[in-house]
Amino acid sequence: DSGVTQTPKHLITATGQRVTLRCSPRSGDLSVYWYQQSLDQGLQFLIQYYNGEERAKGNILERFSAQQFPDLHSELNLSSLELGDSALYFCASSEPPADEQFFGPGTRLTVL
Amino acid sequence: AQSVAQPEDQVNVAEGNPLTVKCTYSVSGNPYLFWYVQYPNRGLQFLLKYITGDNLVKGSYGFEAEFNKSQTSFHLKKPSALVSDSALYFCAVRDGRTYKYIFGTGTRLKVLA
């Protein structure tokens, strides 16, 4: 158990809908990262937050947004969902400067 | 352009033999380099990292990796493979300037009994 929790575990929704994925980092970790893992795209870095502020941005679509709250939990919002958004979404957390990331179990999103 | 390459989709090795999983990278600034392992239906687990210092880094479960600046490589090694090492291995790098993380496409390691 990495100490990172993600909810929900599974999510099934329809095209055009909006969903919110939630992540609670390990106790004491200030950084939160979001990743998308799909069969054809591999593991894609989406975005990183550090203590509430956006720190780095990867291949995150404009339809996706994220935020980190004062209690350090984070949410990833996915809107206008398309079939291609079906993937495993991972959250990870770390405490600089070590920067090794601890990954949650992931949320499997299925868009029908 | 920033990139991480894991040239082998799969590596097969006999139990007890040494294993190597290859990784090369291209980023700006001084990179932070990582190896992670993913078991089926699980999140990634940290194995080891290189930030600075000794080029040979030791990590979890007997794994080690060698940082080679001139070849921009960070190959993962283990002297004696176990069947339980069979998993998907990811090389990752943090760009020294942008803080972006780039993961390789993963190498599936299969250790044969």
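What you are looking at is a predicted structure, and each value in this text was computed from that prediction instead of being measured.

**Student:** Looking at this model, I keep getting lost on the pattern of salt bridges. Mind explaining?
**Tutor:** Any two side chains of opposite charge can pair, on the condition that their charged atoms come close. All names here are of chain B. Scanning all chains against the criterion turns up seven salt bridges over all chains. With its nearest N and O atoms 3.8 Å apart, the salt bridge here joins K77 to E66. Of this pair, K77 sits in strand 9 (residues 73-78) while E66 sits in strand 8 (residues 64-68), and the two are eleven residues apart along the sequence. Classification of E66 by relative accessible area gives partly exposed; the value is 40%.

**Student:** Would you mind showing me how to read the pairing of strand 8 of chain B here?
**Tutor:** If a strand is regular, its side chains alternate between the two faces of the sheet. Residue and element names in this part refer to chain B. Looking at chain direction, strand 7 (residues 56-58) and strand 8 are connected through three bridges and run antiparallel. Along strand 8, the bridge assignment pairs V57 with A65. Between the antiparallel neighbours strand 7 and strand 8 lie five residues, among them Y61 with a positive phi of about 55°. Of the strand pairs in this sheet, strand 8 and strand 9 are connected by five bridges, and their pairing is antiparallel. Each residue of the ladder has a partner; that of A65, found in strand 9, is L76. Following strand 8, the chain reverses through four residues before pairing antiparallel with strand 9; T72 in that reversal takes a positive phi of roughly 45°.

**Student:** So what exactly am I meant to see when it comes to the sheet that holds strand 8 (residues 74-78) of chain A here?
**Tutor:** The strands that make up a sheet are held in pairs by hydrogen bonds between backbone atoms, and each pair lies either parallel or antiparallel. Residues and elements named next belong to chain A. Pairing is antiparallel across the open sheet formed by four strands, whose spatial order is 1-3-8-7. Every other strand in the sheet has two partners, leaving strand 1 (5-7) and strand 7 (64-68) as the edge strands with one partner each. When strand polarity is set aside, the average angle formed by the axes of neighbouring strands in this sheet is 15°. Here strand 7 pairs with strand 8 via five bridges, running antiparallel. Residue pairing for strand 8: Q67 is matched across the bridge by E75.

**Student:** What's the story with the interface of chain B and chain A in this structure? I'm lost.
**Tutor:** By a widespread convention, an interface's size corresponds to the accessible area lost as its parts come together. Of the residues lining the interface, 17 residues belong to chain B; the matching set on chain A comes to 18 residues. At the boundary of chain B with chain A, total buried surface from both sides reaches about 1500 Å², with 54% on carbon and sulfur atoms. Taken as a group, L44(B), Y101(B) and F103(B) account for 34% of the area that chain B buries against chain A, more than any other trio of residues on that side. For the salt bridge of K49(B) with E100(A), the shortest nitrogen-to-oxygen distance reads 2.7 Å.

Criteria and thresholds
- Residues numbered from 1 in each chain as written.
- Chains lettered and ligands numbered in written order.
- Predicted model: local features only at pLDDT ≥ 70, side-chain atom pairs only at ≥ 80, totals over all residues.
- Heavy atoms only, no water.
- Salt bridge = Lys/Arg side-chain N within 4 Å of Asp/Glu carboxyl O.
- Helix = DSSP H or I, 4+ residues; strand = E, 2+ residues; numbered from the N terminus.
- Buried < 20%, exposed > 50% of the residue type's maximum accessible area, 1.4 Å probe, protein only.
- Pairing = 2+ DSSP bridges.
- Axes fitted to C-alpha atoms, helices over the stretch in contact; angles between N-to-C directions.
- Contact = heavy atoms within 4.5 Å.
- Buried area = accessible area lost by both parts, 1.4 Å probe.

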